[in-house]
Amino acid sequence: AMKAVDIKAEFNAQDMSNMTWAYATVNKPHAVLFEALGDRVVAFEHLGEFKPQELSNVAWAYATAGANHPKLFEKVANHIV
């Protein structure tokens, strides 16, 4: 997980979707990883790079893992409205 934090800038939408989904699915939330990936999503100028399934996987993963990232949820909400 810490290696992923170090290279998060290289992750594309699918990478972030897969990573967050995997950690939430196995019930292994990693606060530092979720914070870093959430920051990376928020840094996108727009979320058009995310396919609907990728974006929903990210939102589901954060909710399932109990990862609090208000800026991420605000960005996702603004994108889908």
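To keep things clear, this report deals only with the structure shown in the data block. (Residues numbered from 1 in each chain as written. Predicted model: local features only at pLDDT ≥ 70, side-chain atom pairs only at ≥ 80, totals over all residues. Heavy atoms only, no water.)

## Here we look at the overall build of the chain
Convention followed: Secondary structure elements follow DSSP: runs of H or I no shorter than four residues count as helices, runs of E no shorter than two count as strands, and numbering proceeds from the N terminus. Exposure categories follow from relative accessible area, calculated using a 1.4 Å probe and restricted to protein chains: below 20% of the type maximum is buried, above 50% is exposed, and the middle band is partly exposed. By definition in these notes, contact holds between two residues if any of their heavy atoms fall within 4.5 Å. The accessible surface values rely on the Shrake-Rupley method and a 1.4 Å probe; as for residues, cover is taken only from the protein chains in view.
Helix and strand content of the chain: five helices and zero strands. Ordered by position from N to C terminus, the α and β elements of the chain give α-α-α-α-α. Every one of the 81 residues in the chain was classed for burial, and the buried ones make up 36%. Intrachain contacts of the chain at a sequence separation of at least 6 include 72% that bridge at least 24 residues. In the form shown here, the chain has an accessible surface area of approximately 4900 Å², with 55% of it arising from carbon and sulfur atoms.

## A closer look at the environment of P52
Inspection of the secondary structure assignment puts P52 in helix α4 (residues 52–65). A relative accessible area of 72% places P52 in the exposed class. Along the sequence, P52 and I80 sit 28 residues apart, while their C-alpha atoms lie 9.4 Å from each other.

## Some points on the packing of aromatic side chains
Note the threshold: Only rings of Phe, Tyr and Trp enter the pairing, Trp through its six-membered ring, and a pair is recorded when the two centres are within 6.5 Å. The plane angle decides the type: under 30 degrees is stacked, over 60 is edge-to-face, the rest tilted.
Using the criterion set out here, one finds three aromatic pairs in the structure. With centroids separated by 5.4 Å and ring planes inclined at 65 degrees, the aromatic side chains of F44 and F50 adopt a geometry described as edge-to-face. For the pair formed by F44 and F50, the shared burial category is buried. Taking 6.4 Å as the distance between ring centres and 90 degrees as the angle between the ring planes, the aromatic pair formed by Y62 and F73 counts as edge-to-face. With Y62 in helix α4 and F73 in helix α5 (residues 70–80), this residue pair connects regions lying 11 residues apart in the sequence. The exposure class of Y62 is buried, given its relative accessible area of 1%. Put simply, the rings of F34, Y62 and F73 pair up and form one aromatic cluster.

## What to know about α4
Put simply, the test is: The span one expects for a helix is its residue count, reduced by one, times 1.5 Å.
Taking 1.5 Å per residue as the helical rise, α4 with its 14 residues ought to reach 20 Å, and the 20 Å between its terminal C-alpha atoms agrees with that figure. Residues of α4 that are buried make contact with α2 (13–25), α3 (31–43) and α5. Two residues or fewer past α4, G66 is found with a positive phi of approximately 70 degrees.

## Considering unusual backbone geometry
The backbone of N27 sits at a positive phi, close to 55 degrees, despite the residue not being glycine. For N27, the location among the structural elements is in the loop between α2 and α3.

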